[in-house]
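Residue strings, one per chain:
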Amino acid sequence: MNPIRVLLALLVLCFGATAALSARAADRTSERLGSILPYSGTYIDWSTGGVSLEFDSGPGPNGDGALGTFFMFHTYDQAGNSLNWIGQPAVTLTSEAERAATGVIAKATGSLYYVINGPCIGCTGSGATIVQTGINFDLAWSNPRQMMLTFSGARTGVFHLDAVNYASTSDDFFFPGTWSATVVVDSPFAPPEKANMAILQIDALPMTAHFAFDANVPAAHKMPPVGAKLYRMRCPADGANGNGSNHLACGGVMADLGETQEPVLWYDPATKTSGIESAVLQAGVYHVTAGSPAHFDMYVERPNVLVGHDNSHLVNGDHSSVVALTLVRIPTGTMRDPYDYTPPTSGH
């Protein structure tokens with residue numbers, strides 16, 4: 001049996017399935033658009049050899065939509081022997097306002113344990129016991145695939161952990177490709193009021209970021225880091241012609257992303273941050289102009305799923321609406337059926 005499942009079962013038996021990933025923050029501006037969730041998988045601190053963490057979440061035991069969580073931290077004792085510390089924290093997803101202000105999407109706190117006398121392979125265990133380590137921990141995710149782990153109590157330390165990317169150490173590897181895009185605008189005064197859907201193509205640009213903000217742009221807008229990688233977002237042709245159904249739909253999506261300007265996607269490998277700015281390219285510089293330009297905080301939620309929330313209304317003090325972008329990877333070169341929006345004619 002999978003040892004992680006065994007340890008998880010022991011935790012549930014000893015403590016009950018009490019840990020939950022709560023997506024119901026009382027001050028959430030736009031919870032109907034869904035939450036940006038931490039990545040389930042293996043995390044590594046690239047600066048510290050021999051340290052990793054396995055994090056998992058799934059349907060919770062109460063049937064209320066909250067998720068159960070479990071993690072195992074791999075390290076070594078003073079003799080160099082392998083140790084596995086386990087925990088089952090309650091994770092709190094931050095509100096839209098807190099996420100926009102602090103950059104933290106989720107956080108958790110709890111205590112660490114280890115197991116002795118567990119079931120061994122090919123033999124009968126003598127009765128597993130969970131032992132407290134005296135170590136407390138705090139987790140904070142700055143994006144779904146990056147967390148900071150802080151220990152206190154019997155052991156102290158800070159670890160900066162990244163979700164493992166077996167193809168590249170930088171998640172910008174995931175951006176280029178063909179995507180199914182959905183943009184939803186939500187207002188607290190009504191149900192989600194608008195959804196635009198289209199196919200988008202994302203391609204790397206042969207230049208790094210150089211942005212300039214006009215004087216009247218609100219100070220709370222984030223300036224993309226100098227040297228960030230840039231990506232072009234465009235509307236590919238559909239199966240009939242360059243002005244067919246996908247361009248009709250894609251025009252609505254691009255308007256949501258860039259308002260009256262061109263949406264520019266960027267990713268900074270140094271800070272592992274990403275976003276979309278609405279800008280005008282002039283002499284090699286992307287100019288962000290005044291008048292509530294759109295700004296999306298972008299995240300790699302999974303290798304084939306990108307998510308973004310537009311915080312321009314939040315940073316301008318207007319909590320009237322939040323815009324959510326979801327990109328799901330589809331086969332490269334996929335074209336939209338030209339009859340998607342046009343009623344089929346006779347013979348089709």
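Note that the structure is a prediction, hence the values are computed from the model and not measured.

1. So, the overall build of the protein
Argument step 1. Looking only at helices and strands, the protein has four helices and 20 strands in total.
Argument step 2. With 348 residues in all, the protein has 42% of them scored as buried.
Argument step 3. The contacts of the protein with a sequence gap of at least 6 include a subset with a gap of at least 24, amounting to 58%.
Argument step 4. Per element, the accessible surface of the protein, about 16,500 Å² overall, is 55% carbon and sulfur.

2. Some details on the side chain of Asn 143
Argument step 1. For Asn 143, the location among the structural elements is in strand E8 (residues 129–143).
Argument step 2. A polar contact of 2.8 Å, which involves the side chain of Asn 143, links it to the backbone nitrogen of Arg 145.
Argument step 3. Here the side chain of Asn 143 touches Gln 146 through a polar contact of 3.0 Å, landing on its backbone nitrogen.
Argument step 4. Asn 143 has contacts with Ile 105, Lys 272 and Tyr 299, leaving out every residue within four places of it along the chain.

3. A look at the layout of surface pockets
Over the atoms, a rolling probe the size of a water molecule traces out where space has been left empty.
Argument step 1. In this structure, the second largest pocket occupies an estimated 260 Å³ of space.
Argument step 2. What lines the second largest pocket is a set of 17 residues, and nearest its centre among them are Lys 222, Trp 266, Thr 273, Ser 274 and Asp 297.
Argument step 3. Contributing elements (two or more residues each) for the lining of the second largest pocket: E8, strand E16 (273–282) and strand E18 (295–302).
Argument step 4. The greatest single-element share of the lining of the second largest pocket, amounting to four residues, is contributed by E18.

4. Quick word on empty space enclosed by the protein
Argument step 1. On inspection of all chains with the given rule, the structure shows two cavities of 30 Å³ or more.
Argument step 2. A volume near 180 Å³ is recorded for the largest cavity.
Argument step 3. For the lining of the largest cavity, the elements supplying multiple residues, two or more each, are strand E10 (157–163), E16 and E18.
Argument step 4. When residues in the lining of the largest cavity are grouped by element, the largest group, three residues, is from E18.
Argument step 5. Among the residues forming the lining of the largest cavity, the class breakdown is seven nonpolar, seven polar and four charged.

5. Some remarks on the packing of aromatic side chains
Argument step 1. Using the criterion set out here, one finds twelve aromatic pairs in the structure.
Argument step 2. Consider the rings of Phe 73 and Phe 151, whose centres lie 5.1 Å apart with planes at 90°: the pair is edge-to-face. One end of the pair, Phe 73, is in strand E4 (residues 67–76); the other, Phe 151, is in strand E9 (residues 146–153), with 78 residues separating them in the sequence. You'll find Phe 73 and Phe 151 in the same group, each marked buried.

6. Concerning the environment of Ala 209
Argument step 1. With respect to the secondary-structure elements, Ala 209 resides in the loop between strand E12 (190–208) and strand E13 (211–213).
Argument step 2. Measuring from C-alpha to C-alpha, the distance between Ala 209 and Tyr 267 comes to 9.0 Å, with 58 residues separating the pair along the chain.

7. Thoughts on the pairing of strand E15 (residues 262–268)
Argument step 1. Burial of E15 is extensive: six of the seven residues sit out of reach of the surface.
Argument step 2. Between E15 and E16, which pair antiparallel and follow one another directly, the connecting turn spans four residues, one of which, Lys 272, has a positive phi of 60°.

8. Let's talk about unusual backbone geometry
Argument step 1. With a phi close to 60°, Lys 272 is a non-glycine residue in the positive phi region.
Argument step 2. As for its placement among the helices and strands, Lys 272 is situated in the loop between E15 and E16.
Argument step 3. Positive phi is not limited to glycine here, since Ala 283 has a value of about 50°.
Argument step 4. Considering the arrangement of structural elements, one finds Ala 283 in the loop between E16 and strand E17 (285–288).

9. Details of the confidence of the model for the protein
Argument step 1. Per-residue pLDDT for the protein has a mean of 77; in total, 72% of the residues score no lower than 70.
Argument step 2. Ranking the helices and strands of the protein by mean pLDDT puts E9 first, with 95, and helix H1 (residues 3–15) last, with 44.
Argument step 3. Note on residues 1–18: pLDDT is under 50 here. Beyond four places in sequence and across chains, it has 28 contacts.
Argument step 4. Predicted confidence is poor over residues 22–30, with pLDDT under 50, and the contacts of this stretch with residues over four places away or in other chains come to 27 contacts.

Criteria and cut-off values
- Residues numbered from 1 in each chain as written.
- Predicted model: local features only at pLDDT ≥ 70, side-chain atom pairs only at ≥ 80, totals over all residues.
- Heavy atoms only, no water.
- Helix = DSSP H or I, 4+ residues; strand = E, 2+ residues; numbered from the N terminus.
- Buried < 20%, exposed > 50% of the residue type's maximum accessible area, 1.4 Å probe, protein only.
- Contact = heavy atoms within 4.5 Å.
- Areas by Shrake-Rupley, 256 points an atom, 1.4 Å probe, with all protein chains shown as cover.
- Polar contact = N/O pair within 3.5 Å; in protein donor to acceptor, adjacent residues only side chain to side chain.
- 1 Å grid on protein atoms, 1.4 Å probe; cavity = no way out; pocket = protein on both sides within 12 Å on 5 of 7 lines; lining within 4 Å.
- Points joined across faces, edges and corners; volume = space filled by probe spheres on them.
- Nonpolar A, V, L, I, M, F, W, Y, C, P; charged D, E, K, R; others polar.
- Phe/Tyr/Trp six-rings, centres within 6.5 Å; stacked < 30°, edge-to-face > 60°.
- Pairing = 2+ DSSP bridges.
- pLDDT = per-residue confidence, 0-100.

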